Amino acid sequence: MKHTKRIAAAVALTASALLVSACSSGTAPDITQNAADGKPIVNKENWPKRIPTSGLTKNLTLPLEGYMASYEDQVAIEQAATNLQQSCMKDYGIDLTLPRAGANPPPSDNDANIERRYGITDRAEAEKYGYQLPPALQEHTKQPLRDLSDVEVEILTGHTKPEPPKASKAGEPVAGPGQGIKPARAEHNGKKLKTGGCIGWSKDQLGVKQADPIIVAQLAGDSLVQSMKEDKVIKAVAAWSSCMDGKGHKGLADPYKAMDQGVTNDAKPSQESIALAVDDIDCKKQTDLVKIWFDVESALQDKQIADNKSQLTEIKEQHYKEITAARIRMTASSE
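Below is a short write-up of the structure.

Cut-off values and rules
- Residues numbered from 1 in each chain as written.
- Predicted model: local features only at pLDDT ≥ 70, side-chain atom pairs only at ≥ 80, totals over all residues.
- Heavy atoms only, no water.
- Phe/Tyr/Trp six-rings, centres within 6.5 Å; stacked < 30°, edge-to-face > 60°.
- Helix = DSSP H or I, 4+ residues; strand = E, 2+ residues; numbered from the N terminus.
- Buried < 20%, exposed > 50% of the residue type's maximum accessible area, 1.4 Å probe, protein only.
- Salt bridge = Lys/Arg side-chain N within 4 Å of Asp/Glu carboxyl O.
- Contact = heavy atoms within 4.5 Å.
- Disulfide = S-S within 2.5 Å.

## Some remarks on the packing of aromatic side chains
Any pair of aromatic rings gets described here by the distance separating the centres and the angle formed by the planes.
Phase 1 of the analysis: A complete count under the given rule lists three aromatic pairs for this structure.
Phase 2 of the analysis: Aromatic pair W47 and Y71: ring centres 5.2 Å apart, planes at 80°, arrangement edge-to-face. Taken as a pair, W47 in the loop between β2 (40–43) and α2 (71–91) and Y71 in helix α2 lie far apart in primary sequence, 24 residues in all.
Phase 3 of the analysis: Accessibility expressed as a relative area gives 10% for W47, which makes it buried.
Phase 4 of the analysis: Through pairs of rings, three or more aromatic residues link up here, namely Y118, Y256 and W293.

## Quick notes on the pattern of salt bridges
Phase 1 of the analysis: Inspection of every chain in the model, using the stated rule, returns 14 salt bridges.
Phase 2 of the analysis: Of the charged contacts, one joins R327 and D73 as a salt bridge, the two residues approaching to 2.9 Å between their closest N and O atoms. With R327 in helix α12 (residues 309–334) and D73 in helix α2, this pair connects stretches of sequence that are 254 residues apart.

## Here's the deal with the environment of I215
Phase 1 of the analysis: Position of I215 among the secondary structure elements: in helix α7 (residues 214–227).
Phase 2 of the analysis: Taking the relative accessible area as the measure of exposure, I215 reaches 17% and is therefore buried.
Phase 3 of the analysis: With 100 residues separating them in the primary sequence, I215 and I315 have C-alpha atoms 9.4 Å apart.
Phase 4 of the analysis: In contact with I215, other than residues within four places in its own chain, are Q311 and I315.

## Topic: the state of the cysteines
Phase 1 of the analysis: Under the counting rule described, the total for this entry stands at two disulfides.
Phase 2 of the analysis: Linked covalently through their sulfurs, C88 and C198 form a disulfide whose S-S length is 2.0 Å. With the S-S bond torsion at -70°, the cross-link from C88 to C198 turns out left-handed. Of this pair, C88 sits in helix α2 while C198 sits in helix α6 (residues 197–206), and the two are 110 residues apart along the sequence.
Phase 3 of the analysis: Since its relative accessible area comes to 0%, C88 is described here as buried.
Phase 4 of the analysis: Residue C243 pairs covalently with C283 via a disulfide, S to S 2.1 Å. Torsion about the S-S bond of the C243 and C283 cystine: about -75°, corresponding to left-handed handedness. Within this pair, whereas C243 is found in helix α8 (residues 231–246), its partner C283 is found in helix α10 (residues 271–287), the two being separated by 40 residues in sequence. Each member of the pair, C243 as well as C283, carries the same accessibility label: buried.
Phase 5 of the analysis: Once the disulfide-bonded cysteines of the protein chain are ranked by sequence position, their pairing pattern turns out to be 1-2, 3-4.

This is the structure we're talking about:
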């Protein structure tokens, strides 16, 4: 059960860390060249599809995904916010170029992580990469940000520059991030600073609220855990395990165990890892595991949506307001 909860928690919480990889600006083309090395900074070709177009999860969408922010929308909101932040800084006589969003896309479009929710599902990828992600998703595009002066940090954030961490002696508590932060000065060159700095102001302009949409991811984690206790899924997983046993992969209780075994720290996947991955997917197809599991979990999520309709509707409506405001701002800035 601990293993099950660990997997569900990972599925539920990946979006907060993965969905938006950097701050952004909004009017650049789909592909922007990095002057330093010639590689694209933002390349939409590497962005995850909203709905899988290949593999065993092709065309599958869980009910709760309708309440999850897509990667594209998250990037658009961040890009619009960064445009506003850069414009705000310019009002104080400061030219600042902030990192763009969308430079380091996650492997999945939203919190559901449907492509790997029930283990790996794309045979074509498994034949090349085993359990690893494609190389394009393992690379990290760096966008250097110049060191900001104390006053620039205050104008941007609405608070003072954090103090550098001090070396602690044995037995002493370690200072956390943001140590020594204080409210920013009231004005700069006679111009009043904005509440929350230019970052806070940009969120206000877009109507971005510090809501807690993680509730959707939590519900999705709960539905995954619950689905594993359902008879249909238990039987399908057992059939998959028996199929894997027949292919020489002993003792794999579920697809997550196969992933644990197949993922390595090697630069390239081993032939053993690739063989395991291919057999894993073939057994899923043979037992119809993914479709059975998906159907069971979909029914559970339908009930969750009914039980939490008011809160989920509010989250969906708030997101619609934010993305609409972001697109209006981006359109206006490009004219």
